[in-house]
Amino acid sequence: VAHPEDSISDLKRDIQSQFASSWGLEGRRVDRDGIHLGWELVFSDKGNGRELRAAQDTEHDGNVLSYHLFLHSYNIREGDILHAVVRRYI
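All values reported here derive from a predicted model rather than from experimental measurement. (Residues numbered from 1 in each chain as written. Predicted model: local features only at pLDDT ≥ 70, side-chain atom pairs only at ≥ 80, totals over all residues. Heavy atoms only, no water.)

Note that isoleucine 35 resides in the loop between helix H1 (8–19) and strand S1 (39–43). According to the relative accessible area criterion, isoleucine 35 is buried, its value standing at 2%. A C-alpha to C-alpha distance of 6.1 Å links isoleucine 35 and arginine 13, two positions 22 residues apart in sequence. Those residues in contact with isoleucine 35, other than ones at most four positions away along the chain, are Ser9, Lys12, Arg13, Gln16, Arg29 and Val30. (Helix = DSSP H or I, 4+ residues; strand = E, 2+ residues; numbered from the N terminus. Buried < 20%, exposed > 50% of the residue type's maximum accessible area, 1.4 Å probe, protein only. Contact = heavy atoms within 4.5 Å.)

Right, here's the structure in full:
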């Protein structure tokens with residue numbers, strides 16, 4: 001469970017430890033924080049239980065989370081949904 005004072009890098013390392021294999025991250029280069037390259041976390045406070053949106057809403061307003069900031073920097077709270085965007089290498 002993440003804490004508001006955790007950095008985005010801390011959260012990415014935790015998520016990566018659980019999903020690196022199934023997402024195809026193994027074998028990729030890693031950055032100085034030990035995080036595989038080619039994937040990002042994206043967050044939007046819209047549609048996270050804070051605001052109802054219609055299913056057909058196609059507005060894209062997510063932000064790629066910067067590794068050096070903290071969860072509280074984005075006002076991320078328990079129960080919010082984060083999306084992992086993984087680049088596929090062919």
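Take the pairing of S1 next. The buried count for S1 comes to four of five residues, which makes it a mostly enclosed element. Of the strand pairs in this sheet, S1 and strand S3 (residues 82–86) are connected by five bridges, and their pairing is antiparallel. Note on S3: the bridge partner recorded for glutamate 40 is valine 85. (Pairing = 2+ DSSP bridges.)

Within the chain, asparagine 75 stands out as a residue other than glycine whose phi angle is a positive 60°. Position of asparagine 75 relative to the elements: it lies in the loop between strand S2 (63–64) and S3.

Here we come to the sheet that holds S3. Spatially, three strands are ordered S2-S1-S3 in an open sheet, and the strand pairing comes out antiparallel. The open sheet terminates on both sides in strands that have one partner only, identified here as S2 and S3. Each of S1 and S3 is contacted by H1, which is oriented at about 115° to S1, the strand it contacts most. (Axes fitted to C-alpha atoms, helices over the stretch in contact; angles between N-to-C directions.)

What follows covers the environment of aspartate 80. Along the chain, aspartate 80 turns up in the loop between S2 and S3. Judged by its relative accessible area of 16%, aspartate 80 falls in the buried class. Polar side-chain contacts of aspartate 80 include one of 2.8 Å to the backbone nitrogen of arginine 77. (Polar contact = N/O pair within 3.5 Å; in protein donor to acceptor, adjacent residues only side chain to side chain.)

When you line up the elements, serine 9 lands in helix H1. On the accessibility criterion, serine 9 (4% relative accessible area) is buried. In this structure the side chain of serine 9 is engaged in a polar contact, spanning 3.3 Å, whose partner is the backbone oxygen of tyrosine 67. Setting aside chain neighbours within four positions, we find serine 9 in contact with Asp33, Ile35 and Tyr67.

It is worth spelling out the confidence of the model for the chain at this point. Considering every residue of the chain, the mean pLDDT works out to 85; 81% of them sit at 70 or more. Ranking the elements of the chain by mean pLDDT puts S2 last, at 90, and H1 first, at 96. Contacts from residues 52–56, a stretch scored under 50 in pLDDT, to residues over four places away or in other chains number four contacts. (pLDDT = per-residue confidence, 0-100.)

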